[in-house]
Amino acid sequence: MRSKDYGDDVLSDGRRRPRKGAIPEIPAESGLVAEDPDSGFCGAVVACDRLGVTLEDRFGKRRVFPLTKAGFLIDGRPVTLVRPSARGPEGAAGRPARSASGSIAVRGLRAQVAKESRIYVEGVHDAELVEKIWGHDLRVEGVVVEYLEGVDDLPAIVAEFEPGPGRRLGVLVDHLVEGSKESRIAARVTSPHVLVTGHPFIDVWEAVKPAAVGIPAWPRVPRGVPWKEGVLSALGWGDDVRAGWERILGSVTAFTDLEPALLGRVEELIDFVTVHPD
């Protein structure tokens, strides 16, 4: 499972040294994000004992730091991390709380200025599903998701975005399979600062596991019938597309309700747009 990037932009406005005066003591509970001001290493607490505190960064790299006075920064301010009590407020048995995507949840997250990099998805439903599962991670990263009305004009949209080293663009495409119209359009985007990827499903609805929705399988829709309307008809859900989608979205509570073919692609896009420029 991918470790999320908590990055310099989230916690720090500079490598400030501790100021004189009272330094707050903060329990080093699992999931708390802290930064070592000397090395700039920033990550979530995954363990804490008498030997020190272990932080894990977005790449899964771990480092152990001593629990020295004023030894860390949180929100850019010096703090002293201390060993938490045996029974903390986080997950059962001291395990860190998790977001819907399975990442370590960052408590006390403060809003930050959005990065120039963006993730584009095809439609409103795609954007709402991404927000429900990865919204916490995207706010940690300062990444905005915007939706397109189809990808027919994708090359022009990419050119208008003007991607660059510090301005990356990730695009999630529906039905991105070999030989499809979508694959031919995606192949026309060649910028190294743009990643176009996608899932094999006709629509993002299909990326939700049928069991989560309470159906045995997604219906096969005859050619010539609009896919969403065909699904609603086959399931006996009426003809209101928005109501049908709200029913599906309401059944999704965590990443385990989604197909791996979508999970991997969204994680890949988040990683791509949050890479720090050289």
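Shown above is the structure to which this text applies.
J.: What is the right way to look at the overall build of the chain in this model?
T.: Looking only at helices and strands, the chain has eight helices and eleven strands in total. The long-range share in the chain, meaning contacts at least 24 apart out of those at least 6 apart in sequence, stands at 68%. Here the chain displays about 14200 Å² of accessible surface, and carbon together with sulfur accounts for 51% of that area.

J.: Can you walk me through the sheet that holds strand β10 (residues 169-173) in this structure?
T.: Hydrogen bonding along the main chain pairs the strands of a sheet, whether they run parallel or antiparallel. The four strands lie next to each other as β9-β8-β10-β11, forming an open sheet whose pairing is parallel. Bordering the open sheet on either side are β9 (144-147) and β11 (194-198), each of which pairs with just one other strand. Between one strand and the next, the sheet's axes are offset by a mean angle of 20 degrees, whatever the strand orientation.

J.: Got a minute to help me understand unusual backbone geometry in this structure?
T.: Most of the time, phi is negative for any residue but glycine, and the peptide bond is trans. Unusually for a residue other than glycine, A70 sits at a positive phi of about 55 degrees. Take A70: it is sitting in the loop between β5 (62-65) and β6 (72-74). Look at H175: it is not a glycine, yet its phi comes out positive at around 55 degrees. Take H175: it is sitting in the loop between β10 and α4 (181-186).

Calculation criteria
Along each chain, residues carry numbers from 1 onward, in the same order as the chain's sequence is written. Only residues with pLDDT of 70 or above have their local features reported here, since the model is predicted, and side-chain atom pairs are shown and tallied only from 80 upward, although totals for entire chains, interfaces and linings are computed over all residues. Computation of side-chain values covers all heavy atoms of the structure but excludes hydrogens and water. Segments assigned H or I by DSSP are reported as helices when at least four residues long, segments assigned E as strands when at least two residues long, and all are numbered from the N terminus. The criterion used for residue contact is that any of the two residues' heavy atoms lie within 4.5 Å. In these tables, accessible area is a Shrake-Rupley quantity obtained with a 1.4 Å probe, and a residue counts as shielded only by the protein chains included in the view. Only strands that DSSP links by at least two bridges are regarded as paired with each other. Note on method: axes are straight lines fitted to C-alpha atoms, helices fitted across the in-contact stretch only, with angles between N-to-C directions ranging 0 to 180 degrees.

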